[in-house]
Amino acid sequence: MAKVPIWDLPDVPTGELPPHIQLQRTRVFCKSDAPTNTENIQYSGAYASMGVDNSLRLDQFRSNFKVEVMRLNEDDMEFDMIGIDPSIANAFRRILIAELPTMAIEKVLMANNTSVIQDEVLAHRLGLIPIKVDPRLFDYMSENDVPNEKNTIVFKLHVRCERGDARLTEKRRLTVVVLIFNWLVTEWYFKMAMVCYAVTSDELKWLPNGSEFPLATENSASNSTSKPKTYTSFSCSQDSLPQFSKNPITLKHPDIIIAKLGLGQEIELEAHAVKGMGKTHAKWSPVATAWYRMLPEVVLLQEIEDEKATELVQKCPTKVFDIEDVGKGKKRATVARPRDCTLCRECIRGEGWENFVALRRVKDHFIFTIESTGALPPEVLFTEAVKILEDKCEG
């Protein structure tokens, strides 16, 4: 490259960054081997020599920040957060996973369990079943609090596997004759082994009046005429409360398999649900998952036509590119669905393809996805996360 005298160089525009520096500031470049320019420049005086103020100002943040909902249904939503720092986007993600409260089964009173599942494993499975109820209607329960209608939800499960039950599924007979050490294993042995009863979550029944198990006390026998004391102290029935009279407490999914019973096996228990957060245990997390990714940007650096265009379309597994007819029998590649790009970089692998296609990520544009477990709709979860972040900032 020929040397140019310093006085012949073009002037740096005041108050505006050169295009290549602006790209480095706002984009992540995805090369075939690794991404570059991944860092965020936070120093306010980074571009002071060019007359650009890099400091974060509230009025500028207000004018640039936007939330655009792209998809919304009962269980999940996808929205774009534009003009925001990655640290703030990650704060929302962590709050959604760990700091939004829900109701989950915490205590299981086991009266009888003759199934093959141990008591502690069964209790753990029950705790992971999503409960469809607004946790904002309940209070937290500390170690010194008494379980009542404002901090506890009680469910009952009592099932027994009997022959002829509607849920009893008997698989086809196995006619197998096996000779082991001269002992004949007959057909009925296999038939009995294949009988099972599927216990599903719809058999958990809500007890609006609280626990029905009597609390064992020393003078229980002497006070046999009085109403037995139970493990909860409900002053009124939960279904008489206005918030539950028309919207009873249920489980989100009625078909979750809790256990399978053989003939004669039985489970009888009470499950007490309380309010908690995901940072205490994952069963209280209101989201199946919450994640974000930076918006992909796919740029064609040159015109790609005919056979080269067909090859490019075939290289992309997510069908980001398309072919358009430009007339006179010529075809040209276009970027049809850049949002679907997963940055697998198949389109820039191969000799010379980086001269045709550029893959980038927009640093301040995040595609955020929330999958709710069912306690609250995903849009409510996001607004509650905003409130929690606001409280943290004010505190």
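Procedures and definitions
Residues numbered from 1 in each chain as written. Predicted model: local features only at pLDDT ≥ 70, side-chain atom pairs only at ≥ 80, totals over all residues. Heavy atoms only, no water. Pairing = 2+ DSSP bridges. Helix = DSSP H or I, 4+ residues; strand = E, 2+ residues; numbered from the N terminus. Contact = heavy atoms within 4.5 Å. Axes fitted to C-alpha atoms, helices over the stretch in contact; angles between N-to-C directions. Salt bridge = Lys/Arg side-chain N within 4 Å of Asp/Glu carboxyl O. Buried < 20%, exposed > 50% of the residue type's maximum accessible area, 1.4 Å probe, protein only. 1 Å grid on protein atoms, 1.4 Å probe; cavity = no way out; pocket = protein on both sides within 12 Å on 5 of 7 lines; lining within 4 Å. Points joined across faces, edges and corners; volume = space filled by probe spheres on them. Nonpolar A, V, L, I, M, F, W, Y, C, P; charged D, E, K, R; others polar. Parallel < 35°, antiparallel > 145°, perpendicular 65-115°, else oblique. Left-handed = near helix turned anticlockwise from the far one by under 90°. Core = buried A, V, L, I, M, F, W, Y, C linked by side-chain atoms within 4.5 Å. Phe/Tyr/Trp six-rings, centres within 6.5 Å; stacked < 30°, edge-to-face > 60°. Lys NZ or Arg CZ within 6 Å of the ring centre and 35° of its normal. Disulfide = S-S within 2.5 Å.

J.: It is not clear to me how the sheet that holds strand β12 (residues 205–206) should be interpreted in this structure. Could you clarify?
T.: Two pairing modes exist for strands in a sheet, parallel and antiparallel, and in both the strands are linked by backbone hydrogen bonds. Read across the open sheet, the 4 strands follow the order β5-β15-β7-β12; overall the sheet is antiparallel. If you trace the sheet from one side to the other, it starts and ends with β5 (102–113) and β12, each paired once. Examined bridge by bridge, strand β7 (residues 153–160) and strand β15 (residues 266–276) share 8 bridges and lie antiparallel to one another. Bridged to Leu 157 within β15 is Leu 269. Of the strands in this sheet, β5 and β15 are in contact with helix α4 (residues 119–127), which crosses β5 at around 150 degrees.

J.: Just checking my understanding: could you explain the pattern of salt bridges for this structure?
T.: Pairs can form between side chains of opposite charge whenever their charged atoms are close. This model, assessed by the stated rule, comprises 23 salt bridges. Glu 106 is the salt-bridge partner of Lys 283, the closest N and O atoms lying 2.7 Å from each other. Within this pair, whereas Lys 283 is found in the loop between β15 and β16 (287–300), its partner Glu 106 is found in strand β5, the two being separated by 177 residues in sequence. With relative accessibility at 44%, the residue Glu 106 sits in the partly exposed group. The network of salt bridges with common partners includes Arg 71, Asp 76, Glu 78, Asp 80 and Arg 339.

J.: Can you help me understand the layout of surface pockets in this one?
T.: Over the atoms a probe the size of a water molecule is rolled, and this reveals where empty space is left. Here the largest pocket defines a volume of roughly 730 Å³. Around the largest pocket sit 22 residues that line it, and Arg 25, Leu 56, Gly 83, Asp 85 and Asp 364 are the ones nearest its centre. For the lining of the largest pocket, the secondary structure elements donating two or more residues are α1 (19–26), α2 (58–64), α3 (86–98) and β19 (357–372). When grouped by side-chain class, the residues that make up the lining of the largest pocket number 7 nonpolar, 9 polar and 6 charged.

J.: How should the packing of α3 against helix α8 (residues 378–394) be read in this particular structure?
T.: In a packed pair of helices, the relevant descriptors are the angle between the two axes and the axis-to-axis distance. Where α3 contacts α8, the two axes come as close as 9 Å, and the packing angle between them is 110 degrees. As far as their axial angle goes, α8 and α3 are roughly perpendicular. In this structure, α3 meets α8 at a crossing whose hand is right-handed. Judged by residue contacts, Ile 88, Ala 91, Phe 92, Ile 95 and Leu 96 of α3 engage Leu 381, Phe 382, Ala 385, Val 386, Ile 388, Leu 389 and Lys 392 from α8.

J.: Explanation requested: the nonpolar core in the structure shown.
T.: If you look at soluble globular proteins, the nonpolar side chains tend to sit buried side by side. With 30 residues, the main nonpolar core has Leu 126, Ile 153, Phe 155 and Ile 249 as its most contacted residues. Among all residues touching Ile 153, those that are not within four sequence positions of it are Met 103, Val 133, Phe 138, Trp 206, Gln 238, Ile 249, Ala 271, His 272 and Ala 273. Ranked by size, the runner-up nonpolar core spans 21 residues in total, among them Phe 79, Leu 376, Ala 385 and Leu 389.

J.: I tried to follow the pairing of strand β17 (residues 321–327) on my own but got confused; where do I start?
T.: Consecutive side chains along a regular strand alternate between the two faces of the sheet. Both β17 and strand β18 (residues 330–335) contribute to a ladder of 6 bridges, which runs antiparallel. Across the sheet, residue Ile 323 finds its bridge partner in β18, namely Ala 333. Hairpin connection of β17 to β18: 2 residues between the antiparallel strands, including Lys 328 at a positive phi of 60 degrees.

J.: Would you mind going over the packing of aromatic side chains with me for this structure?
T.: The geometry of an aromatic ring pair is captured by two quantities: the separation of the ring centres and the angle between the planes. Following the criterion strictly, the structure yields 8 aromatic pairs and no others. Each ring, one from Phe 79 and one from Phe 368, has its centre 5.3 Å from the other, and the planes form 10 degrees; the classification is stacked. On the criterion of sequence distance, the pair formed by Phe 79 in strand β4 (residues 76–82) and Phe 368 in strand β19 is long-range, its members being 289 residues apart. Under the relative-accessibility criterion, Phe 368 is labelled buried at 0%. Three or more aromatic residues joined by ring pairs make a cluster, and in this case those are Phe 79, Phe 92, Tyr 292, Phe 366, Phe 368 and Phe 382. Over the ring of Tyr 140 we find Lys 275, and its NZ or CZ is 4.7 Å from the ring centre. When the ring centre of Trp 284 is taken as origin, the NZ or CZ atom of Lys 283, which lies over that ring, is 4.9 Å away.

J.: I'm lost on the state of the cysteines in this one. Help?
T.: Each disulfide is one covalent bond, formed between the sulfur atoms of two cysteines. For the structure on display, the rule yields 0 disulfides. Sulfur of Cys 30: no disulfide; nearest cysteine sulfur belongs to Cys 341 and is 7.9 Å away. Here Cys 344 stays free of any disulfide, with the sulfur of Cys 316 as its closest cysteine sulfur at 5.9 Å. Exposure remark for Cys 344: the relative accessible area of 29% places this residue in the partly exposed category.

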